[in-house]
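Residue-level structure breakdown
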Amino acid sequence: MNCVLEGNCVKAFGKAIHALSRIGDELWLDPTATGLALRAVNSSRSAYCCFLFSPLFFHQYSLASGPELGGESLKCKLLMKSVLPLFRCLTSIERNVKRCQVSVSTPGDRVVIQFFCRHGITKTYNLGFQESEPLQAVFASHLCANALKAPARLLSDMVMHFPVSQEEIMLSMTPQRVSLRNYSEGGNDHLKKMFTEMSLHPDEFDFYQVGVDSDITFGLKEFRGLLSFAETHSLPVSIHFGAAGKPVCFSMEDMVLEATVVLATLVDSESRGPSQHTETSTPTMPRGADVAVRPVDSCEVHSNKNQDLPAETVVVPSSQGSPIITTPVMMQLLPQHDSLVGLCVPNEASVRDATTPASSMICSLLFRALLSQEGEDGCPDRLPVLACYSDGEEEDFQRSPSL
Amino acid sequence: MPLSTQSQGDDEQYVLVACSDNARNLSNILKAISFKDHAIFTATPNGLRVTVEDSKCLQANAFIQADIFQEFTIREDSVTFQINLTVLLDCLNIFGGSALPGISTVLRMCYKGYGYPLTLFLEEGGVVTVCKINTQEPEEPVDFEFCSTNVTNKVILQSEGLKEAFSELDLTSEVLQITMSPSQPYFRLSTFGNSGNAHYDYSKDSDMMELFQCTKTQTNRYKMSLLKPSTKALALSCKVSVRTDNRGFLSLQYLVRNDDGQICFVEYYCCPDEDVEEE
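As the structure is a prediction and not an experimental result, all values here were calculated from the model.

**Here's the deal with the packing of helix α1 (residues 8-21) of chain A against helix α5 (residues 220-232) of chain A**
Residue and element names in this part refer to chain A. Contact pair α1 / α5: the axes reach a minimum separation of 8 Å and the direction vectors enclose 160 degrees. Taken together, α1 and α5 sit at an angle that is classed as roughly antiparallel. When the axes of α1 and α5 are compared, the crossing they make is left-handed. Residue-level contacts link A12, K15, A16 and A19 of α1 to G225, L226, S228, F229 and T232 of α5.

Given below as structure tokens:
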């Protein structure tokens, strides 16, 4: 693989790497005929980010590879801490770098990143990589109940009111308004915390679709990373989501690139529950830590501590009409690739055997994305899948939303 | 000013007296070589030379000519002593390190000779401080025997070009490799760190390159820990000359302009890292 970036594109590439570094510690490089995909996922697999640069983004783009690979382009991953320092100072890149060349050199087992700078200076970095199957989260955003589209500036202006240390925020949507408020775990510190909430009227958005009233809670840091990129490029950001517990997808695109961030949302027993559903069953608590869920940031929320939220939890069936399945059954379904079922499992549903009361967890978003063998048995890992791993050849799902 | 009204008779007892109306002219340049606690001061009628060494493999010298000082009196051909450089810098900055325009610390530095402390009179805004710093038996500085006749390769670069490279150096690399050649890559700095290799190439036609005289291709490695302190001198300088001799010894010479536009020099000598095979 060999590609050349010129001028401002080098800075855009660097900004994408900054956004990816907010997500995970490793950077997946996947050169394909449709473009170069850069991806990252976090260690608990609850956040995923992908930047796809089309061949038009590059001054030159070729997938030529050595004979050892049999014509396939090399897919690999790099340590983020090896790559990020190269693009750390974007202002200096903007000032000094005229051209950047990224190539994979198989005889040397190196990814070579070369910067051709002003004053006749050339910087060459030979980075070690690890061959890896590509990483991909498949998320059917067009099937999401709710969708928003807004200029990045609007979202940044909303998000800027929250302190930098704020870990998670809650986005609530009803037909009347969208609001953002800070999410805090633990009700004991009411006196010490500052609560911020702001609401926007649907008219502020370029696109506003409410399928189900919902409150979703997701990581702010990861979201900020993408917003920063979107703002620099003045791109509108689309947000697709459903009820709490299902992933939220943020995406943006222009003619030469597409970016997607998929974040898991908290299974929140505090949510009001979608207004359209009539079924309720006896209140049950989300599952405890021992069952098939990997918590993120070990946050445990005790529900019913916030006074304004209902004491009862509501088990809701999937808004897409998927069967409600229990955890053990769901595990069997995981190896399938066509499973929208795997995608849309509502976490409240598999709560039968809850042990600890009132613990909310973020479900793992990706499953087996990091494993290269497909033929393994059903569940080497007991994690519910919210978005399935696909090995890149399947074009069943469009990742980008079409609005 | 109190210092200048000191009776001239006192000076009889001193073998060295140096006065400056801006102590920063001295302290800034000494900071550029302050990677070790102790420094050897050698004063001659030409001026002051301050030497700092590290494990006999690295030597840094700062040269402050006599005409940098408002007054420079020396009663012997050569006056040498060793002193704690950290303490000296603390004293020179005793009125605070910040550089406010129009306010400077006046310095009068006096030395009575062997066995006596170095006395500093510092004055700012009417406040006078007197510091007496003990001196020690001077060690003989290493003579690196670096002479211009043995120089094989020499380049002079504008410091601007090197500053970014040095600030970005991969510190997980144990060595800094310097390649100088009459052909590609001309002048190359390389590191071999945990993430991989990095090379900074400066073309001989670069507008940062003021002089390019390379006679043969040479690649030498130097311990990163030895060269990292030179970044301070690089930061102060406007030009740097890089020379290697036939043994692979490295000489870095930095041209430093002080606040008043006067020129001083800082020089680093470093011996090559012999243990490692060249790539």
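After that view of the structure, there is still more to cover.
**Describing the domain arrangement of chain B**
Residue and element names in this part refer to chain B. With domains assigned, chain B is organised as domain 1 (12-133) and domain 2 (148-270). The C-alpha-based centres of domain 1 and domain 2 are spaced at 28 Å. Domain 1 puts 23 residues into the contact, and the matching count from domain 2 is 17 residues. Both sides of the domain 1 and domain 2 interface together cover about 1700 Å² of buried area, and 53% of this is carbon and sulfur. When residues of domain 1 are sorted by the area they lose upon contact with domain 2, N25, A32 and L58 head the list and together hold 28% of the total.

**Considering the domain arrangement of chain A**
Residue and element names in this part refer to chain A. Entries for chain A in the domain assignment read domain 1 (2-131) and domain 2 (141-186 + 194-266). Domain 1 and domain 2 are separated by 28 Å when their C-alpha centres are compared. In this assembly, 18 residues from domain 1 lie in contact with 19 residues from domain 2. Between domain 1 and domain 2, the buried area comes to about 1500 Å², and carbon and sulfur atoms account for 63% of it.

**Some thoughts on the packing of helix α4 (residues 152-159) of chain A against α5 of chain A**
Packed helices, taken two at a time, are described by their axes: the angle between them and the distance between them. All names here are of chain A. One way to put it is that α4 packs onto α5 with a least axis distance of 9 Å and a crossing angle of 140 degrees. Classified by the angle their axes make, α4 and α5 are oblique. Considering the relative orientation of α4 and α5, their crossing is left-handed. Of α5, the residues touching α4 (which contributes A152, R153, L155, S156 and V159) are L220, F223, R224, L227, A230 and E231. Classifying every residue of the contact of α4 with α5 gives 7 nonpolar, 1 polar and 3 charged.

**Quick word on the nonpolar core**
Core analysis: the biggest nonpolar cluster contains 153 residues, and F51 of chain A together with L120 and F187 of chain B have the highest contact counts within it. Of the residues forming this core, the biggest block, 7 residues, is contributed by α1 of chain A. Not counting chain neighbours up to four residues away, the residues in contact with F51 of chain A comprise A16, A19, L20, L36, A37, L38, L226, F229, E258 and A259 of chain A. Counting residues in hydrophobic clusters, the runner-up holds 12 residues, among them V41, L135, C249 and V262 of chain A.

**Overview of the interface of chain A and chain B**
Contact with chain A, which involves 14 residues of that partner, is made by 15 residues of chain B. A buried area of about 1200 Å², summed over both sides, lies between chain A and chain B, and 40% of it is on carbon and sulfur atoms. Our count for the contact surface shared by chain A and chain B stands at 2 salt bridges. With its nearest N and O atoms 3.3 Å apart, the salt bridge here joins E168 of chain B to K123 of chain A. At the junction of chain A and chain B, the tally comes to 13 residue pairs in polar contact (both at pLDDT 80 or more). Every element with two or more residues in the side of chain A that touches chain B is listed here: α3 (90-96) and β9 (121-128) of chain A. Ranked by residue count, the leading element in the side of chain A that touches chain B is β9 of chain A, at 8 residues. For the side of chain A that touches chain B, the class distribution of residues is 3 nonpolar, 9 polar and 2 charged. Pairing analysis gives 7 bridges linking β9 of chain A to strand β14 (residues 196-202) of chain B, with the strands arranged antiparallel.

How each quantity is defined
- Residues numbered from 1 in each chain as written.
- Chains lettered and ligands numbered in written order.
- Predicted model: local features only at pLDDT ≥ 70, side-chain atom pairs only at ≥ 80, totals over all residues.
- Heavy atoms only, no water.
- Axes fitted to C-alpha atoms, helices over the stretch in contact; angles between N-to-C directions.
- Helix = DSSP H or I, 4+ residues; strand = E, 2+ residues; numbered from the N terminus.
- Parallel < 35°, antiparallel > 145°, perpendicular 65-115°, else oblique.
- Left-handed = near helix turned anticlockwise from the far one by under 90°.
- Contact = heavy atoms within 4.5 Å.
- Domains from an automatic or database assignment.
- Buried area = accessible area lost by both parts, 1.4 Å probe.
- Nonpolar A, V, L, I, M, F, W, Y, C, P; charged D, E, K, R; others polar.
- Core = buried A, V, L, I, M, F, W, Y, C linked by side-chain atoms within 4.5 Å.
- Buried < 20%, exposed > 50% of the residue type's maximum accessible area, 1.4 Å probe, protein only.
- Salt bridge = Lys/Arg side-chain N within 4 Å of Asp/Glu carboxyl O.
- Polar contact = N/O pair within 3.5 Å; in protein donor to acceptor, adjacent residues only side chain to side chain.
- Pairing = 2+ DSSP bridges.

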